[in-house]
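Chain by chain, the residues:
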Amino acid sequence: MDFAFFLIQLLNGLQYGLLLFLVASGLTLVFGIMGIINLAHGSFYMVGAYLAWSLSSLTGSLAAAILLAIPLTVILGMALERLLFRHLYQRDHLYQVLLTYGLILVFEELRSIIWGDDVHGVVVPALLNASIPLTDNLSYPVYRLAISGVCLLLAAGLYFLIQKTRLGMMIRAGASNRDMVQSLGIDIKLIYTLVFALGIALAAFAGMINAPLSSVFPNMGSQVLIICFVVVVIGGIGSVKGAMAASLMIGLGETFGQVLMPDFAGMIVYVLMAIVLVWRPEGLFGRA
Amino acid sequence: MEKNEKSGYARRDFLLGSTAFAGATLAGAMLPTGMALAQQAKLKIGLMLPYTGTYAGLGVAITNGFKLAVEERGGKLGGREIEWFTVDDESNPAKAPENANKLVQRDKVDVVIGTVHSGVVMGMAKVLRESGTLWINPNGGAGAMTGEACAPNFFRTSFSNWQTTHALGKVLKAKGHKTAVFITWKYAAGEEMMQGFKEGFETEGGKLTKELYVPFPQVEFQALLTEIASIKPDAVVAFFAGGGAAKFLKDYQAAGLKGKIPLYGSGFLTDGVLEAVGDAGEGVETTLHYADGLDTKKDKAFRLAYAKDFKMQPDVYAVQGYDAGQLLAAGLDAVKGNVADRAGVIKAMEAAKIDSPRGQWTLSKAHNPVQDMYLRKVVGKENKVQGVAWKALADPARGCKA
């Protein structure tokens, strides 16, 4: 591998890492900060992708589709929190696992009924549909770079929201002692509803903007679910910074793993996770 | 506890199976009464196919194809009415033995038809080897089924993974390509297709410069596309399917490789995804045992009848299901529906010449189709036939001693 290709692989790794952060960001919020185990995270990702596909074929524009779809997913998130999740906060995590596993099946079946079982493509917006030539036979799609930009913005926004705002402070306080926060006169129920809905919307948003790259197909959610949990666990539960570090680590590890040790590429992520957990059981940036 | 019960079942069943077999030969000796009885009862056919999940569409196409073949024979096979049994295998290998047992032990079917997923196929093989039930596999291409795990009662009407890429070696040579890179998922089907291509290409004096693997079922190809750009082979050969195939074709174009390094593949790379990929598929050449625009009388009639019955267009899976019906009919016709004459059915199926929409084919010794592999090229939304890449290609059936 000469130096130019090394740099390109570095870029691939960073870009893939940012993409992972995007996909895992909703889970970081819901699992990492609210402490809800949401196995249906991948399903919301899938719902977002299918919404992007069906709405963009209706309106003819991905941007319009995303603008339309985000309010829909926020409403979906709020409704699910009110009707289902709210009743499980005080219970054992196993109840959440059971509920969200059930949701996976429900969403998968609904997807089959509403949208069918075919593979669909989403067109890259014309404005971003270009490639930058890197070598004589390789170029880099502009849309991928644009996604990386969105990921960085999102990461900064999430970090700011949780660490620097009053709302973020209440969320963190609520996560560590719900009753105390409530008795201080804060409407913790409302905050939880909002944050949960935001988490769902983030998962769906990731599906939407990733749809032109990944295509839209059945079971696409289960593909991202595991890697999302790995990101949150390596990064340290409750840490946006950690999730970002873990995403980049996995992105680079996978990219160079596939090139340098192709036979073990499938294991690399889990080896990384095992090493990190032995060294720091609470994750890279987690609180012990 | 449950485990004990299961192995107990298996043993009992094995004994039961062997007595039934002995009984059948005896019944054969007392032919008149035996046959009269057999013809009154309905023939029990068990369909074990995916009806939910990613492969649900394939399961439906195979079922439709099979039923069309039966319908063309007045709803009967070998002159017998049919009683259908259906199990949704969910493409779940872990449940394969249990699901196969539902058909074999609970429903006592005469024939099992299934399935799509190769992992499930290998799970079924364990059960059906012991029970000896007649089995026609209308898709799953695992080499082992008609290789080291072959058996007299195992038949396949689709392809072996090896077959779908082997003819590409000749194709690449004819185009003047001397080096190639193969990229696929790291799992059994991908590795078997890689092997099929490698053997075909090296026989022609070509060199497979590198084998690139993506962990299954991941769809992040960027690192390996960069690798391809740095290797600069004459051609790239790929196998992915479904959503992965759609993404690969689009990524290949977005990386700027399309038009610089020609892309070839197993036919599954471009089957069922052309709507999704826009112009990213245009010009990609693949080999498979079926294609659009074959334009034979049989294919036209089949397509018309299928579209009329099921209000959708048939695909390669529908053809494989249809041929499973035709193969079973050939076996049962020869014994006039007396499925208890197992040896007679198997002998007739082995000798059958199937007049398929894909063209005529026969079975190899290991019970896999010996068939023409077509070279196809993506033109618009179709995999247009370009010609025959390999006439009557047979799988090597390594390790099959039956």
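Residues numbered from 1 in each chain as written. Chains lettered and ligands numbered in written order. Predicted model: local features only at pLDDT ≥ 70, side-chain atom pairs only at ≥ 80, totals over all residues. Heavy atoms only, no water.

Caption draft 1: Structural detail: the overall build of chain A. Each helix and strand counted, chain A has 11 helices and two strands in total. When the elements of chain A are put in sequence order from the N terminus, they spell out α-α-α-α-β-β-α-α-α-α-α-α-α. For chain A, the C-alpha radius of gyration of 19 Å lies close to 19 Å, the compact-globule estimate for 288 residues. Referenced to the eigenvectors of the C-alpha coordinate spread, the extents of chain A come out at roughly 65 × 50 × 35 Å. (Helix = DSSP H or I, 4+ residues; strand = E, 2+ residues; numbered from the N terminus. Rg over C-alpha atoms; globule rule 2.2 N^0.38 Å.)

Caption draft 2: Structural detail: the side chain of Ser239 of chain A. Residue and element names in this part refer to chain A. Within the secondary structure, Ser239 sits in the loop between helix H9 (220-235) and helix H10 (240-260). When its relative accessible area of 10% is taken as the criterion, Ser239 is described as buried. At 3.4 Å, the side chain of Ser239 and the backbone nitrogen of Lys241 are in polar contact. Setting aside anything within four residues of it in sequence, one finds Ser239 in contact with Thr28 and Phe285. (Buried < 20%, exposed > 50% of the residue type's maximum accessible area, 1.4 Å probe, protein only. Polar contact = N/O pair within 3.5 Å; in protein donor to acceptor, adjacent residues only side chain to side chain. Contact = heavy atoms within 4.5 Å.)

Caption draft 3: View of empty space enclosed by the protein. Under the defined criterion, the tally for this structure stands at one cavity of 30 Å³ or more. By volume, the largest cavity amounts to about 50 Å³. Around the largest cavity, the lining residues are Asn12, Tyr16, Glu254, Thr255 and Gln258 of chain A together with Glu220, Phe221, Gln222 and Ala223 of chain B. If you list the elements that add at least two residues to the lining of the largest cavity, you get helix H1 (3-33) and H10 of chain A together with helix H9 (222-231) of chain B. (1 Å grid on protein atoms, 1.4 Å probe; cavity = no way out; pocket = protein on both sides within 12 Å on 5 of 7 lines; lining within 4 Å. Points joined across faces, edges and corners; volume = space filled by probe spheres on them.)

Caption draft 4: Geometry of helix H2 (residues 41-59) of chain A. Residue and element names in this part refer to chain A. The terminal C-alpha atoms of H2, which comprises 19 residues, lie 27 Å apart, in line with the 27 Å expected from a rise of 1.5 Å per residue. In terms of burial, H2 is a largely internal element, 16 of the 19 residues being buried. Backbone geometry just downstream of H2 places Gly60 in the positive-phi region, at approximately 80°. (Expected span 1.5 Å × (residues − 1).)

Caption draft 5: Local environment of the packing of aromatic side chains. Residue and element names in this part refer to chain B. This model, assessed by the stated rule, comprises 25 aromatic pairs over all chains. Each ring, one from Phe197 and one from Phe201, has its centre 5.1 Å from the other, and the planes form 20°; the classification is stacked. Of this pair, Phe197 and Phe201 both sit in helix H8 (residues 188-203), separated by four residues, roughly a single helical turn. The class for Phe197 is buried, based on a relative accessible area of 0%. Grouping aromatic residues by their ring pairs yields a cluster made of Trp185, Tyr187, Phe216, Phe221, Phe240, Phe248 and Tyr252. (Phe/Tyr/Trp six-rings, centres within 6.5 Å; stacked < 30°, edge-to-face > 60°.)

Caption draft 6: How the structure looks around the environment of Leu76 of chain A. Residues and elements named next belong to chain A. Position of Leu76 relative to the elements: it lies in helix H3 (residues 62-83). Owing to a relative accessible area of 26%, Leu76 belongs among the partly exposed residues under this scheme. C-alpha of Leu76 to C-alpha of Ala197: the two residues are 121 residues apart in sequence and 7.4 Å apart in space. If sequence neighbours within four positions are ignored, Leu76 has contacts with Phe44 and Phe107.

Caption draft 7: Region of the structure containing the interface of chain B and chain A. Tallying the contact residues gives 32 residues for chain B and 35 residues for chain A. For the pair chain B and chain A, the summed buried area comes to about 2900 Å², and 51% of that belongs to carbon and sulfur atoms. Sorting the residues of chain B by area buried against chain A places Glu220, Gln222 and Thr226 of chain B first, and these three jointly supply 18% of that buried surface. Seen at the junction of chain B and chain A, the total is three salt bridges. (Buried area = accessible area lost by both parts, 1.4 Å probe. Salt bridge = Lys/Arg side-chain N within 4 Å of Asp/Glu carboxyl O.)

Caption draft 8: Structural context of the state of the cysteines. Inspection of the entire model under this criterion finds one disulfide over all chains. Note on cysteine connectivity: Cys150 of chain B is disulfide-linked to Cys400 of chain B, with sulfurs 2.0 Å apart. One disulfide, between Cys150 of chain B and Cys400 of chain B, carries an S-S torsion of 85° and so falls in the right-handed class. Residue Cys150 of chain B is located in the loop between strand S4 (134-137) and strand S5 (154-156), and its partner Cys400 of chain B is located in the segment after strand S14 (382-393); the two are separated by 250 residues in the primary sequence. No disulfide involves Cys151 of chain A; its sulfur sits 12 Å from that of Cys228 of chain A, the nearest cysteine. Using a relative accessible area of 0% as the deciding quantity, one classes Cys151 of chain A as buried. (Disulfide = S-S within 2.5 Å.)

Caption draft 9: The arrangement of the pairing of strand S2 (residues 82-88) of chain B in detail. Residues and elements named next belong to chain B. Alignment of strand S1 (residues 43-49) against S2, held across seven bridges, turns out to be parallel. Residue pairing in the sheet places Lys44 in a bridge with Glu83 of S2. With respect to chirality, the unit in which S1 leads through helix H3 (residues 56-71) into the neighbouring parallel S2 is right-handed. (Pairing = 2+ DSSP bridges. Right-handed = clockwise from strand over helix to strand, strands pointing away.)

Caption draft 10: Main features of the domain arrangement of chain B. All names here are of chain B. Each assigned domain of chain B is listed here: domain 1 (2-159 + 296-367) and domain 2 (163-288 + 375-393). Together domain 1 and domain 2 conceal approximately 500 Å² of surface at their shared face, both sides included; 63% is due to carbon and sulfur atoms. Considering only the side of domain 1, the residues that lose the most area to domain 2 are Phe159, Val316 and Tyr317, jointly responsible for 71% of the buried surface there. There are zero salt bridges connecting domain 1 and domain 2. (Domains from an automatic or database assignment.)

Caption draft 11: Representation of the nonpolar core within the structure. The biggest cluster of nonpolar side chains holds 120 residues, and the ones touching the most others in it are Leu22 of chain A together with Ile183, Ile228, Phe240, Phe248, Leu263 and Leu269 of chain B. Core analysis: the second largest hydrophobic core is formed by 69 residues, Ile136, Ala180, Ala318 and Met373 of chain B among them. (Core = buried A, V, L, I, M, F, W, Y, C linked by side-chain atoms within 4.5 Å.)

Caption draft 12: Up close: the pattern of salt bridges. Applying the stated criterion across every chain yields a total of 21 salt bridges over all chains. For Lys186 of chain B, the salt bridge goes to Glu191 of chain B, with nearest N and O atoms at 3.7 Å. A relative accessible area of 30% means that Lys186 of chain B is categorised as partly exposed. For Glu191 of chain B, a relative accessible area of 32% translates into the label partly exposed. What emerges from the salt-bridge pattern is a single network uniting Arg144 of chain A together with Glu220, Lys247 and Asp251 of chain B.

Caption draft 13: Representation of unusual backbone geometry. All names here are of chain B. Backbone torsion omega between Gly114 and Thr115 reads 0°, so that peptide bond is classified as cis. Look at Lys108: it is not a glycine, yet its phi comes out positive at around 50°. Mapped onto the elements of the fold, Lys108 is located in the loop between helix H4 (96-106) and strand S3 (111-113). The phi dihedral of His367 is positive, around 70°, even though this residue is not glycine. Topologically, His367 is positioned in the loop between strand S12 (359-363) and strand S13 (369-379). Take His367: its relative accessible area is 3%, and that puts it in the buried class.

Caption draft 14: Inspection of the sheet that holds S4 of chain B at higher detail. Residue and element names in this part refer to chain B. What the five strands build is an open sheet, ordered S2-S1-S3-S4-S5; its pairing is parallel. In this open sheet, the two strands that pair with only one neighbour each are S2 and S5. On average, adjacent strands in this sheet sit at an angle of 20° to one another, irrespective of strand direction. Relative to S5, S4 runs parallel, the two sharing three bridges. Bridge pairing links Trp135 to Phe154 in S5. On top of the sheet, H3 reaches S1, S2 and S3; it is set at about 160° to S1, its chief contact. Against the sheet, H4 engages S1, S2 and S3, with an angle of about 165° to S1. (Axes fitted to C-alpha atoms, helices over the stretch in contact; angles between N-to-C directions.)

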